[in-house]
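For reference, the chains in residue letters:
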Amino acid sequence: MLKPAESHLAVKKGYILAILVAVYTLNFVDRQILSILLEPIKNEMGFSDSALGFLTGFGFALFYATLGIPMAMWADRSNRRNIVALSLAIWSAMTALSGLVQNFWQLAIARIGVGVGEAGCSPASHSMIADLYSRETRATALGFYALGIPLGVLFGFITGGWINQYFGWRAAFFVVGLPGILLALMVRWTVAEPQRGQSDQLTEGKAAVGDSEPAPTVIQVVNTLMQKKAFVHMALGGSLTAFVGYGVFSWVPSFLIRSHAMATGEIGTWLGLILGIPGGVGILLGGYLADKLGKRDTRWYLWIVSAALVLAFPFSLGVYSADSKWLCLTFLIAPVVLGNFYQATTFAQTQGMVPLRMRATAAAILLFIFNIIGLGLGPQLIGVVSDMLAARFEDESLRYSLLLFSSFNLWAAYHYFQAGKLLPLESSITKKIDLEDRSNLALKSS
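As the structure is a computational prediction, the values presented were derived from the model and not from experiment. (Residues numbered from 1 in each chain as written. Predicted model: local features only at pLDDT ≥ 70, side-chain atom pairs only at ≥ 80, totals over all residues. Heavy atoms only, no water.)

A.B. asks: Before we go on, may I ask you to explain empty space enclosed by the protein in this structure?
C.D. replies: To find leftover empty space, a probe the size of one water molecule is rolled over the atoms. Throughout the structure, instances matching the rule amount to five cavities of 30 Å³ or more. Empty space within the largest cavity amounts to approximately 400 Å³. Around the largest cavity, the lining is made up of 29 residues, and of these T241, G245, F249, G339 and N340 lie nearest the centre. Those elements that provide at least two residues to the lining of the largest cavity are α1 (4-45), α13 (229-260), α15 (300-321), α16 (325-339), α17 (342-352) and α18 (359-393). Residues belonging to the lining of the largest cavity are distributed by class as follows: 19 nonpolar, nine polar and one charged. (1 Å grid on protein atoms, 1.4 Å probe; cavity = no way out; pocket = protein on both sides within 12 Å on 5 of 7 lines; lining within 4 Å. Points joined across faces, edges and corners; volume = space filled by probe spheres on them. Helix = DSSP H or I, 4+ residues; strand = E, 2+ residues; numbered from the N terminus. Nonpolar A, V, L, I, M, F, W, Y, C, P; charged D, E, K, R; others polar.)

Here's what the structure looks like:
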């Protein structure tokens, strides 16, 4: 039975995690709302697939990923709770403003504003969660946090699809953008900033890190990560998995409209349910299995992802080869579950590879790599290849572009397998360095 102090701490941790999940949910609602609205925007504005790919991909990702690093350095030096609240307010306001645009460049600026705001969310949140949950439970906790992705997609697709169908795409931006400003106030005034190193102090008896300890530079963090071959393989594998995943998020709604003549309300409902519920199961199951199997053999923290991606590939082929919309949607369930296995354990292993004061910046560097390759290049290249194939395949060009790039998951599986092989050695080295750093800190404090 938990003591009163332990029970209070557990409730506090649970509340902070729940609020961060809600913030991350709105992060993905506002990020992905554009996907379900691409076709009506294209019909009204006359944009090409390459231009739409820029709006959903590189135009957003360049600012989101690049600014994530200075925002994370700020989080490693300052109050992370306040950074999350400010970021949420900015991206929510820019989402609402997207409903007022009159041309491509106005929409591009609004989407860049969303990217600027969202850059401050995940690095600070990952660092807070790592301070609340121990190494042994961190992948599971980050798995719960990553539920914001499928929940955001669920609400974004369903809300965007039906609001567009009845009230138009502009109204959809207003409806999903404005609630975030209220949640930002809730974060600022009800969430407590965790003490840095709190989880390590409680579970391992180690000294917590005071806010006066100097944070390392981004170059130092990059050098620390690049010296770890497991991280390099893991980052490449995650980027390729994100490439395929963001391609699905961004282009499958348009694919279903063009190849299966579905309406946005119907697409929003089915994609929201498939990407939301099985997607959430995949994130939680991936984190749970990584923690369970990884305790027995460290390599399985990442080998579980490699196995999942290989199993997902045949179903991905079925998604883009099926003639029936129902068969297509049924095939989509397995890749959504298995394709989300990488989320929790990849970020958890990264948090465990660096000292406390590097955690937010390390998360931002990983997100930078993921988002430039996955979020930036994924939707963009899929759109470009679709335009290239349009002369031959017309409205079916998007089907073949998505089919081609789905094979990237096999490439990703190779990198996760290699990362798993290297992880045991590099994890032991990291723990040794971390113990030495804490011992030195304890000596200085005394």
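Text resumes after the structure shown.
A.B. asks: Even after reading the chapter, I still don't get the packing of aromatic side chains, so can you show me in this structure?
C.D. replies: Under the definition given, this model contains 19 aromatic pairs. When the centroid spacing of 6.0 Å and the interplanar angle of 20° are considered together, the rings of W162 and Y166 count as stacked. Here the residue W162 and the residue Y166 both occupy positions in helix α8 (residues 148-167), the gap between them amounting to four residues, near one helical turn. Y166 gets classed as exposed once you look at its relative accessible area, which sits at 60%. Grouped by ring-pair contacts, the aromatic residues Y24, F28, Y145 and Y246 constitute a single cluster. For the cation-ring pair, R188 lies above W189, with the distance from its terminal atom to the ring centre recorded as 4.3 Å. (Phe/Tyr/Trp six-rings, centres within 6.5 Å; stacked < 30°, edge-to-face > 60°. Buried < 20%, exposed > 50% of the residue type's maximum accessible area, 1.4 Å probe, protein only. Lys NZ or Arg CZ within 6 Å of the ring centre and 35° of its normal.)

A.B. asks: Mind showing me how you'd approach the side chain of S87 here?
C.D. replies: Mapped onto the elements of the fold, S87 is located in helix α4 (residues 80-97). On the accessibility criterion, S87 (2% relative accessible area) is buried. A polar contact of 2.8 Å, which involves the side chain of S87, links it to the backbone oxygen of I83. Filtering out sequence-adjacent residues up to four positions away, S87 remains in contact with M71, G117, G120 and C121. (Polar contact = N/O pair within 3.5 Å; in protein donor to acceptor, adjacent residues only side chain to side chain. Contact = heavy atoms within 4.5 Å.)

A.B. asks: I keep staring at the pattern of salt bridges and nothing clicks. Help me out?
C.D. replies: When charged atoms on two side chains of opposite charge get close, those side chains can pair. Across all of its chains, the model carries ten salt bridges by this definition. Here R170 ties to E44 by a salt bridge, and the two come within 3.1 Å at their closest N and O atoms. Of the two residues, R170 is situated in helix α9 (residues 169-177) and E44 in helix α1; the sequence distance between them amounts to 126 residues. Notably, a salt bridge pairs R80 with E193, separated by 2.8 Å at the nearest N-O pair. With R80 in helix α4 and E193 in the loop between α10 (179-190) and α11 (198-204), the pair connects residues that are 113 residues apart, well separated along the chain. According to the relative accessible area criterion, R80 is buried, its value standing at 0%. (Salt bridge = Lys/Arg side-chain N within 4 Å of Asp/Glu carboxyl O.)

A.B. asks: Just checking my understanding: could you explain the environment of L311 for this structure?
C.D. replies: Take L311: it is sitting in helix α15. Judged by its relative accessible area of 53%, L311 falls in the exposed class. Counting along the chain gives 99 residues from L311 to L410, while the straight-line C-alpha distance between them is 9.5 Å.

A.B. asks: I tried to follow the nonpolar core on my own but got confused; where do I start?
C.D. replies: Soluble globular proteins: nonpolar side chains tend toward being buried together. Residues V23, L256 and L271 are the most contacted members of the largest nonpolar core, which totals 131 residues. With 16 residues, the single largest contributor to this core is α1. Aside from chain neighbours lying at most four places away, what touches L256 is A261, M262, I267, L271, C328 and L329. (Core = buried A, V, L, I, M, F, W, Y, C linked by side-chain atoms within 4.5 Å.)

A.B. asks: Looking at this model, I keep getting lost on the side chain of R80. Mind explaining?
C.D. replies: A distance of 2.8 Å separates a polar atom in the side chain of R80 from a polar atom in the side chain of E193. Setting aside its immediate chain neighbours within four residues, R80 contacts A75, A124, S127, M128, D131, E193, P194, Q195 and R196.

A.B. asks: When you look at the confidence of the model for the protein chain in this model, what are you seeing that I'm missing?
C.D. replies: Regions with low pLDDT should not have their predicted coordinates read in detail. Per-residue pLDDT for the protein chain averages 84, and the proportion of residues at 70 or more is 89%. A low-confidence stretch, residues 202-212 stays under pLDDT 50, and its non-local contacts, those more than four residues away or across chains, total 22 contacts. Here residues 441-446 is modelled with pLDDT under 50, and outside its nearest four sequence neighbours on either side it reaches three contacts, counting other chains as well. (pLDDT = per-residue confidence, 0-100.)

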